[in-house]
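Coordinate inspection notes
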Amino acid sequence: MSTQHNPSDIESVLHEDRMFSPSADFAAAAHIKSPDQRDALYKHSIDDPETFWAQVARELHWFKPWDRVLDWNAPDAKWFVGATTNLCYNCVDRQVDAGLGDQTAIIWEGEPFESASPEVRHLTYADLQRETSKFANALKSLGVKRGDIVTIYMPMVPELAIAMLACARIGAAHSIIFGGFSASAIADRVEDANSKVIITADGGWRRGNIVELKDKVDAACTQNDSIDHVIVLKRCENTINWHDEPSPDHGSKRDHWWHDLIDAASDECPCEHMDAEDLLFVLYTSGTTGKPKGIMHTTGGYMVFTYYTSKIVFDLNPNRDDIFWCTADIGWVTGHSYIIYGVLPNRVPTLMYEGAPNHPGPDRFWSIVARHNVTQFYTAPTAIRAFMKWGDEHPQKHDLSSLRILGTVGEPINPEAWMWYHRLIGAERCPIVDTWWQTETGGHMLTPIPGAVPAKPGSCTLPFFGVDAAIVNEQGEEQPPNTGGLLAIRKPWPGMLRGILGDRERFIQTYWSRIKTPAGEPYYFPGDGARCDQDGYFWIMGRVDDVINVSGHRLGTMEVESALVSHETVVEAAVVGMPHEIKGTGIAAFVTLAPGAQPSDELRDQLRAHTANEIGAIAKPDLIRFTDALPKTRSGKIMRRLLRDIAAGNDSVGDTTTLEDLSVLARLRQSEES
Ligand code: WTA
């Protein structure tokens, strides 16, 4: 069975006409019950977005209401102008104030699975109120103020949720870095955000091993002197280095144990009244050029958009026994929006799992679903492809009958994986929501609504409420059905990014310059190619820039190239995506070596390790080919299409250690590419 995006798969996407509708019972119990209801609401949301979003916003708590719903002066949007609120309040305190303090907010399961029972913790809203207050006071005791940016580099433990909510509570923004990133990646992000405090742990569990987080933070601190305080959670009883000496700009010691700080802290800490447009968080993501950019999200609009997309797309309902599980790491936007910020205000328990999907065995996820009665399950196509490969017997061992809705995110899902998910996990009963969105959009943009929009395998179907999406050409003209083009968003939406931290020019260049109306009004350009079919369904065709999507994680090919050329033996490197059975897209690197350096398997391993060191393990090339020169056009542009073809046909050639001459191929292609 082949599961990669091979040509026959693309064929099957083009000719995919199977439709899967929710059952009548499912639709009757859902928030949105029919296509007609969806269409009417959609029309309202596009014709009169301000009334539409005001109505949604009233389901949440505001200290002070807005004067105006939207101020739009492209590309700058202000939502809920003049209002004040607090997202931690809406996630936590609002439930306590409503008398729901003893209900479960977070269900957490640790990775170690000894004597057939893993460590499980249930945190109620009252627990979260107490713990976020204590930790917020701890942050204040280290001098953290409203408006500061706190960096978080933690494993998937409840304290990560507590740390981010504590920041929101006192009006400090957070910058969460995925635990797989390297010390250099931390140092770059800390410097860009000018963070003085970083929160980490003595380790986290992953596939039975300890991930050495504190070591990486120590190394990052040697590359950068902006950090005054490191807060360390004890998670693994791991031996770590400790820095007791005072930091240069600050009288007190650098490293602090989390437990010492909260022991000394009061559990009273009122939520700051934040302006709707105050910064909530920065999240770094890869782009076409240069270093990762810090995407800025603000408080009010992001809160309303993630709350409402969670409610409608996952059909969350606190009056049913819903248990929502998103398998992403909180270090990515999916975890920010759909483990914490969108889910908690819906008063539905959110499940957090610390570790790997195949520890201690390949059925771990299904055992979690069965033991906790998960009702909504949200994961990535790359995970689904891995499950398919591991075998049907693993899900079949467990009772998955609690599941109601399945979701996917991060990359296009091939119809074969969609059908497997539908049959093996959803028992042909659960609607699948294939959600297209980005770090920049804050929440779902193109997605089925499970009770109302029939699904087609491989399509993310229709725009969410308030999202005005279209397929256009380079001139901004809308394309007829089934014609490929650029995906564009033509109106502002509440969850949209408000900028790139410290780089206004890049914000405008990246998102607001490529597509314009004939009158010169910019459209939001997400960087994806897509087509719309005769039913108005969207089919994402992938990135049209130099960003690749490796296991649903975004990487800039330039980032990987810079990492490679920073190795002493490498003169030039070109990185392209290649089809990969599990990852969707793998990384292929073509490398020219400095005089005297010899191609070898050892060097290949060194270069892979070097890339992991510079960026993180997710950036390790799957294929490295040494070449005496990179094929270039007459004008000196690297012939990436040729390299992509070579990488895609890699199976027949294999990894070779010899120096290859790609110039012959290049000459053959010259006329085609120049
Ligand atoms: C891709 C992840 C097809 C897309 C939430 C986008 C998808 C990038 C889908 C954003 C989907 C995400 N179908 N492609 N359902 N979801 N993508 O910022 O190329 O990590 O631009 O956000 O992932 O990745 P990011």
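Here the structure is a predicted model, which is why all the values come from computation and not from measurement.

**A closer look at the overall build of the chain**
Secondary structure assignment for the chain yields 22 helices and 30 strands. Seen along its three principal axes, the alpha-carbon backbone of the chain occupies a region of about 75 × 65 × 60 Å. Split into buried and exposed, the 674 residues of the chain put 62% on the buried side. Taking contacts inside the chain between residues at least 6 apart in sequence as the whole, the part at least 24 apart equals 72%. Taken as a whole, the chain presents about 24800 Å² of accessible surface, with 49% of it coming from carbon and sulfur.

**Quick look at the sheet that holds strand E23 (residues 499-500)**
What the 8 strands build is an open sheet, ordered E12-E11-E8-E6-E7-E14-E15-E23; its pairing is mixed. The sheet is open, and its two edges are formed by strand E12 (255-257) and E23, each paired on a single side. Of the strand pairs in this sheet, strand E7 (residues 173-176) and strand E14 (residues 279-285) are connected by 2 bridges, and their pairing is parallel. Paired with His174 across the strands is Phe281, a residue of E14. Here helix H12 (residues 333-341) sits on the sheet and contacts E7 and E14; the angle it forms with E14, its principal contact strand, is near 145°.

**A look at the packing of helix H7 (residues 158-170) against H12**
Direction vectors running N to C along H7 and H12 enclose 90°, while the axes themselves pass 12 Å from each other. Judged by the angle between their axes, H7 and H12 are roughly perpendicular. Where H7 abuts H12, its residues Ala161, Met164, Leu165 and Ala168 lie against His336, Ile340 and Tyr341. A breakdown of the residues in the contact of H7 with H12 according to their chemical character gives 6 nonpolar, 1 polar and no charged.

**Regarding the confidence of the model for the chain**
Across the chain, pLDDT averages 93, with 94% of residues at or above 70. The spread of mean pLDDT over the elements of the chain runs between helix H21 (residues 650-653), the lowest at 49, and helix H11 (residues 299-313), the highest at 99. This stretch, residues 1-8, has a pLDDT under 50; its non-local contacts, to residues over four places away or in other chains, come to 18 contacts.

**Quick word on the packing of aromatic side chains**
Evaluation of the coordinates by the stated rule reveals 45 aromatic pairs. Taking the centre distance of 5.2 Å and the plane angle of 85° together, the rings of Tyr338 and Trp437 count as edge-to-face. Highlighted residues: Tyr338 in helix H12 and Trp437 in the loop between strand E20 (432-435) and strand E21 (469-472), separated in sequence by 99 residues. You'll find Tyr338 and Trp437 in the same group, each marked buried. Aromatic side chains Tyr511 and Tyr524 sit 5.5 Å apart centroid to centroid with 15° between the ring planes, which places their arrangement in the stacked category. Of the two residues, Tyr511 sits in helix H17 (residues 504-512) while Tyr524 sits in the loop between H17 and strand E24 (528-532), which places them 13 residues apart along the sequence. Put simply, the rings of Trp325, Tyr353, Phe365, Trp366, Phe377, Phe387, Trp390 and Tyr421 touch in pairs and so form one group of aromatic residues. Seen from the ring of Tyr537, Lys456 lies directly overhead, with NZ or CZ sitting 4.5 Å from the centre.

**Comments concerning the environment of Gly290**
You can see Gly290 is positioned in the loop between E14 and strand E15 (293-298). Note on Gly290: relative accessible area 40%, which makes it partly exposed. The residues touching Gly290, leaving out its near neighbours within four places in the chain, are Met558 and Glu559.

**Re unusual backbone geometry**
Omega for the bond connecting Ala74 with Pro75 falls within 30 degrees of zero, at 0°, which places this linkage in the cis form. A cis amide bond, omega 0°, links His359 with the succeeding residue Pro360. Even without being glycine, Phe80 reaches a positive phi, approximately 60°. With respect to the secondary-structure elements, Phe80 resides in strand E2 (residues 76-81).

**Re the site of the ligand**
Neighbouring residues of the ligand: 17 residues in total, closest Asp434, Thr435, Thr439, Arg543 and Arg554. Gln438 places a side-chain nitrogen or oxygen 3.0 Å from an oxygen atom of the ligand. Arg554 places a side-chain nitrogen or oxygen 2.8 Å from an oxygen atom of the ligand. Elements with a contribution of two residues or more to the shell around the ligand: H12, E20 and strand E25 (538-543). Residues of the shell around the ligand, tallied by class, amount to 6 nonpolar, 6 polar and 5 charged.

How each quantity is defined
Residues numbered from 1 in each chain as written. Predicted model: local features only at pLDDT ≥ 70, side-chain atom pairs only at ≥ 80, totals over all residues. Heavy atoms only, no water. Helix = DSSP H or I, 4+ residues; strand = E, 2+ residues; numbered from the N terminus. Buried < 20%, exposed > 50% of the residue type's maximum accessible area, 1.4 Å probe, protein only. Contact = heavy atoms within 4.5 Å. Areas by Shrake-Rupley, 256 points an atom, 1.4 Å probe, with all protein chains shown as cover. Pairing = 2+ DSSP bridges. Axes fitted to C-alpha atoms, helices over the stretch in contact; angles between N-to-C directions. Parallel < 35°, antiparallel > 145°, perpendicular 65-115°, else oblique. Nonpolar A, V, L, I, M, F, W, Y, C, P; charged D, E, K, R; others polar. pLDDT = per-residue confidence, 0-100. Phe/Tyr/Trp six-rings, centres within 6.5 Å; stacked < 30°, edge-to-face > 60°. Lys NZ or Arg CZ within 6 Å of the ring centre and 35° of its normal. Near = heavy atom within 4 Å. Polar contact = N/O pair within 3.5 Å; in protein donor to acceptor, adjacent residues only side chain to side chain.

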